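These are the residues of each chain, in order.
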Amino acid sequence: MNARLLAGAALAALTIGTVASGPALAQGKLSGDTVKIGVLNDRSGLYADLGGEGSAIAARMAAEEFGNKILGKPIQIVTADHQNKPDIGSNLARQWIDQDGVDVIVDVPNSGVALAVQEVTREKKTVFLMEGPATSRLTGDACSPTGFHWAYDTHALAVGTGRAMVQEGGKSWFFLTADYAFGHQLESDASAEVKKAGGTVKGAVRTPLNTSDFSSFLLQAQSSGAQVVGLANAGGDTITSIKQAAEFGLTQSGQQKLAGLLIFLSDVHALGLPVAQDLVLTTGFYWDMDDEKRAWSKKFGEKFGGKMPTMVQAGSYSAVRHYLKAVEAAGTDDGPTVAAKMKEMPVDDMFTKNGKILANGRLIHDMYLARVKKPSESKGPWDYYQILRTIPGAEAFATLEESGCKIAAK
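Residues numbered from 1 in each chain as written. Predicted model: local features only at pLDDT ≥ 70, side-chain atom pairs only at ≥ 80, totals over all residues. Heavy atoms only, no water.

## Quick look at the overall build of the protein chain
Put simply, the test is: A run of H or I in DSSP becomes a helix once it reaches four residues, and a run of E becomes a strand once it reaches two; helices and strands are each numbered from the N terminus. Two things to know: the radius of gyration comes from C-alpha atoms, and the globule rule equals 2.2 Å times the number of residues to the power 0.38. Between two residues, a contact is recorded if the distance between any of their heavy atoms is within 4.5 Å. Each accessible area is a Shrake-Rupley estimate made with a 1.4 Å probe; only the visible protein chains count as cover when residues are assessed.
Secondary structure assignment for the protein chain yields 16 helices and 16 strands. A globule of 410 residues ought to have a C-alpha radius of gyration of about 22 Å, and the protein chain, at 21 Å, matches this closely. If one aligns the C-alpha atoms of the protein chain with their principal axes, the spans along those axes are about 65 × 45 × 45 Å. Excluding contacts between residues fewer than 6 apart, the proportion of contacts in the protein chain whose partners are at least 24 apart in sequence is 73%. Counting every atom, the protein chain has about 15,300 Å² of accessible surface; 50% of that belongs to carbon and sulfur.

## Concerning the sheet that holds strand β15 (residues 367–372)
Here is the rule: When DSSP locates at least two bridges between a pair of strands, those strands are taken to pair. Axis definition: a line fit to C-alpha positions, over the contact stretch in the case of helices; interaxial angles, taken between N-to-C directions, run 0 to 180 degrees.
A sheet is described by the order of its strands in space; here three strands give the open sequence β12-β15-β16, paired in antiparallel fashion. What marks the edges here is a single partner per strand, and that holds for β12 (280–283) and β16 (385–391). Between one strand axis and the next, the sheet turns through 30° on average, direction left out of account. Contacting β12, β15 and β16, helix α5 (residues 154–167) runs over the sheet at an angle of about 155° to β12.

## A word on the confidence of the model for the protein chain
Cut-off, in case you're wondering: Across the chain, each position has a pLDDT score giving the predictor's confidence in that residue, from 0 to 100.
With 92% of its residues at a pLDDT of 70 or more, the protein chain shows a mean pLDDT of 92. Predicted confidence for residues 1–27 stays below pLDDT 50, and this span has 56 contacts to residues more than four positions away or in other chains.

## Side note on the state of the cysteines
Put plainly, a disulfide is one covalent bond tying together the sulfur atoms of two cysteines. Note the threshold: The rule for a disulfide is simple: a pair of cysteine sulfur atoms within 2.5 Å. A 1.4 Å probe rolled over the protein chains alone gives each residue an accessible area, and that area as a share of the maximum for its type sets the label: buried under 20%, exposed over 50%, partly exposed in between.
In the structure shown here, the tally under the stated rule is one disulfide. Each sulfur in the disulfide pair Cys143 and Cys405 lies 2.0 Å from the other. The sign of the S-S torsion, about 80°, decides the handedness of the disulfide formed by Cys143 and Cys405: right-handed. Of this pair, Cys143 sits in the loop between β6 (127–130) and β7 (147–149) while Cys405 sits in the loop between α15 (400–403) and α16 (406–409), and the two are 262 residues apart along the sequence. Residue classification places Cys405 among the buried residues on the basis of a relative accessible area of 5%.

## Points about the packing of α5 against helix α6 (residues 181–196)
Test applied: Relative orientations are named as follows: roughly parallel for angles under 35 degrees, roughly antiparallel for angles over 145 degrees, roughly perpendicular for angles from 65 to 115 degrees, and oblique for any other angle. Put simply, a crossing is left-handed when the front helix is turned counterclockwise from the back one by less than a right angle, and right-handed when it is turned clockwise. Gly is placed with the polar residues, together with every amino acid not listed as nonpolar (Ala, Val, Leu, Ile, Met, Phe, Trp, Tyr, Cys and Pro) or charged (Asp, Glu, Lys and Arg).
Contact pair α5 / α6: the axes reach a minimum separation of 8 Å and the direction vectors enclose 45°. If you check the angle between α5 and α6, you find them oblique. The handedness of the crossing between α5 and α6 is right-handed. From α5, Thr154, His155, Leu157, Ala158, Val159, Arg163 and Val166 reach across to α6, where they touch Phe182, Gln185, Leu186, Asp189, Ala190, Glu193 and Val194. Each residue belonging to the contact of α5 with α6 can be placed in one class, and the counts come to eight nonpolar, three polar and three charged.

## Thoughts on the pairing of β6
Definition in use: Place the viewer so that the strands point away; then a crossover is right-handed whenever the path from the first strand over the helix to the second strand goes clockwise.
Where burial is concerned, the two faces of β6 agree: the one with Val127 and Leu129 and the one with Phe128 and Met130 are both buried. Taken together, the four bridges between strand β5 (residues 104–107) and β6 define a ladder with parallel strand orientation. What sits directly across from Val106, in β6, is Leu129. Regarding the hand of the β-α-β motif, the stretch spanning β5, helix α4 (residues 111–124) and β6 is right-handed. Bridging between β6 and β7 involves three bridges; their strand directions are parallel. Its bridge partner being in β7, Phe128 is matched across the sheet by Gly147.

As structure tokens, this is what we get:
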């Protein structure tokens, strides 16, 4: 590992307890006599709240369901901060696999980093569970036999929020787009959905990642005269752009509306309901939808300072749990073998029921169109969403044929 990586990436390892609860499982073939799970994400920057330590906690919760052992051997979880830099992310992934015996990499918000890590895990035939990144390319032209895209993607966000806003009369759009792989793909997918629904796109402006001042970009959006300003960004950038749009008076005239194409529960919490109220969004998970989700989320909150999980964090639990079930069923942690077993098995847990994994690694599950509640509608902490409708998985996500994944087509 180079000096920059050693200095820049805080690599912290946490070994999960190794005392199994219940009967010992049958012995299997595991590399290094352990299953090592690497949670790789933004732990200190603009995406830390939506994944970060919360995704590591969720992964530990999945391991705990197996008594922290699989096939009679311990489960170990390590974490690292990719700092939203593809070179750091790919170098960490390579070190983990080549030197540290990591069997599966989890989360990786930031599509640019995820695309780089996908190249490493494809080469090394290592399972890659993606809950944080959004670009639909990860199961499209950049797909991998051992890559799995779990919680959401840009196609599903466009189908949900993009289509809903056009149907509500928002026919003309202007995009504020994060200037890297995620933002570009989200703008592209949303533009296609807007046009398909009968709308038009008046223009777009590219904004640097982690922008502190959106005023000039918001002025361009206002000058465009578009009815909808689509925010093709996420995390801290979404929070900042929405706050500054409110200060700028962008929507006060009633002529323009904001469309947050990727909004997380953590964003709404940071914004507060007075600012975030009435935003329409698409999500793959909401903690307060049913008893099973509420029960799991309560346990999560007890481990995470009372915070309720985002769809990325809930997805990390679901993906790791499904991976461990596949290791158990396959009797090995060999990447291609486990990946094949994962695709054979339905995903059935608190995150989704009867979820199906396509050959390109895309988990097909229901998505949800939601509206952020007004302060007067909220009954307490984290009671933020009104679910408007369920978007069936087959409608939300691209088909295998539409995805453009050449590996899956073989």
